[in-house]
Amino acid sequence: MNLEQLDPKKIIDVSAPIFPGMVLYPGSHEVVFNSSRYQDTTSTTITFDSHTGTHFDAPAHAFENGRGVDTVSLSSCIGVCRVLDLTSVEEKIMVADLEPFNIISGERLLFKTQNSVDTWETFNESFIYIDGDAADYLAEKQVALVGVDYLSVKKFHGPDIRPHNSLLSKEIVIIEGLILKNVVPKKYDLIALPLKLKNLDGSPSRVILIDNY
């Protein structure tokens, strides 16, 4: 990744904008911006959930004594990734959908599914999610990072907690809420950093891909 000669045209922002009234996972705190003017400057108080928009899940999200988002491995969040074409998947991502991609240890993987055609105007309860067996498979492969194109890796109101627990127990980075609609599935350089929120369960993030390949 050569940042000294970075062509701005190769940067692809895959983050969701955060703003009042945006689509949220049900139960999340509404986004509130409260700006005030003092002398010649403006300052804004911002209220939102730690899992708003494009965000990281930390082990503390799944486990009471889990590590916070400030301890996420930064080396897992920066480097080569693959955007996998899973747009033919219906309902959920299963092991059989992942096996053809020959996934290896240490990979950063972003899953582009039918979720990417969503307009994000209202919450879609039937979003494509990761099956528990597929989460176990990714954990066994010891991937570094998994990113999905909706607001959870887990089925909405689904009883199977493995999509979070299997990955986070291995401290595999989870990024949810990626905007991959205009992203061609292939290899990219990834830069994805959470805010350094001490001991918290998650954090919004700005995530970019760099088309160097």
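First things first, this report covers the structure right here in the doc. (Residues numbered from 1 in each chain as written. Predicted model: local features only at pLDDT ≥ 70, side-chain atom pairs only at ≥ 80, totals over all residues. Heavy atoms only, no water.)

1. Quick look at the pairing of strand β12 (residues 202-210)
Counting buried positions over the nine residues of β12 gives eight, a clear majority of the element. Relative to β12, strand β1 (residues 11-13) runs antiparallel, the two sharing three bridges. Bridging from a neighbouring strand, Ile-12 pairs with Leu-209 of β12. Inspection of the sheet shows strand β4 (residues 55-57) paired to β12 by three bridges, in the antiparallel sense. Note on β12: the bridge partner recorded for Phe-56 is Ser-203. The sheet contact formed by strand β11 (residues 187-194) and β12 spans six bridges and is antiparallel. Counterpart to Pro-194 in the pairing with β12 is Ser-205. (Buried < 20%, exposed > 50% of the residue type's maximum accessible area, 1.4 Å probe, protein only. Helix = DSSP H or I, 4+ residues; strand = E, 2+ residues; numbered from the N terminus. Pairing = 2+ DSSP bridges.)

2. Quick notes on the state of the cysteines
By the definition in use, this model includes zero disulfides. Of the cysteine sulfurs around Cys-81, a residue in no disulfide, the closest is that of Cys-77, at 12 Å. (Disulfide = S-S within 2.5 Å.)

3. Re the packing of aromatic side chains
Throughout the structure, instances matching the rule amount to seven aromatic pairs. A centroid spacing of 5.4 Å and a plane angle of 50° characterise the contact between Trp-120 and Tyr-150, whose relative ring orientation is tilted. Of the two residues, Trp-120 is situated in the loop between β7 (108-112) and β8 (129-130) and Tyr-150 in the loop between β9 (145-148) and α5 (162-168); the sequence distance between them amounts to 30 residues. Tyr-150 carries the same exposure label as Trp-120, and that label is buried. Three or more aromatic residues joined by ring pairs form one cluster here, namely Tyr-25, Trp-120, Phe-123, Phe-127, Tyr-150 and Phe-156. Its guanidinium or amino end placed over the ring of Tyr-188, Lys-186 lies 4.6 Å from that ring's centre, counting from NZ or CZ. (Phe/Tyr/Trp six-rings, centres within 6.5 Å; stacked < 30°, edge-to-face > 60°. Lys NZ or Arg CZ within 6 Å of the ring centre and 35° of its normal.)

4. Description of the side chain of Arg-108
Here Arg-108 shows up in strand β7. As a buried residue without a salt bridge, Arg-108 has its nearest oppositely charged side chain in Asp-189, at a separation of 7.3 Å. Side-chain polar atoms of Arg-108 contact the backbone oxygen of Ser-76, separated by 2.9 Å. Setting aside residues no more than four positions away along its own chain, Arg-108 makes contact with Ser-75, Ser-76, Cys-77, Ile-78, Gly-79, Val-80, Cys-81, Arg-82, Ala-144, Leu-145 and Leu-190. (Lys, Arg positive; Asp, Glu negative; His and termini not counted. Salt bridge = Lys/Arg side-chain N within 4 Å of Asp/Glu carboxyl O. Polar contact = N/O pair within 3.5 Å; in protein donor to acceptor, adjacent residues only side chain to side chain. Contact = heavy atoms within 4.5 Å.)

5. A few points about a nonpolar patch on the surface
Among the surface-exposed residues, Met-1, Leu-3, Leu-74, Ile-78 and Leu-193 lie close enough to one another that they form a single nonpolar patch of about 440 Å² accessible area. Following the sequence through the fold, Leu-3 ends up in the segment before β1. (Patch = residues over 30% accessible without salt bridge, like charges linked within 9 Å, V, L, I, M, F, W, Y side chains within 5 Å. Areas by Shrake-Rupley, 256 points an atom, 1.4 Å probe, with all protein chains shown as cover.)

6. Concerning the pattern of salt bridges
Taken as a whole and assessed by the stated rule, the structure comprises eight salt bridges. Where Glu-171 meets Arg-67, a salt bridge forms, and the shortest distance between an N and an O atom there is 3.1 Å. Residue Glu-171 is found in the loop between α5 and β10 (173-176), and its partner Arg-67 is found in the loop between α1 (59-62) and α2 (74-77); the two are separated by 104 residues along the sequence. Here Lys-92 ties to Asp-131 by a salt bridge, and the two come within 3.5 Å at their closest N and O atoms.

Scope: geometric values only; no functional claims are made or implied.
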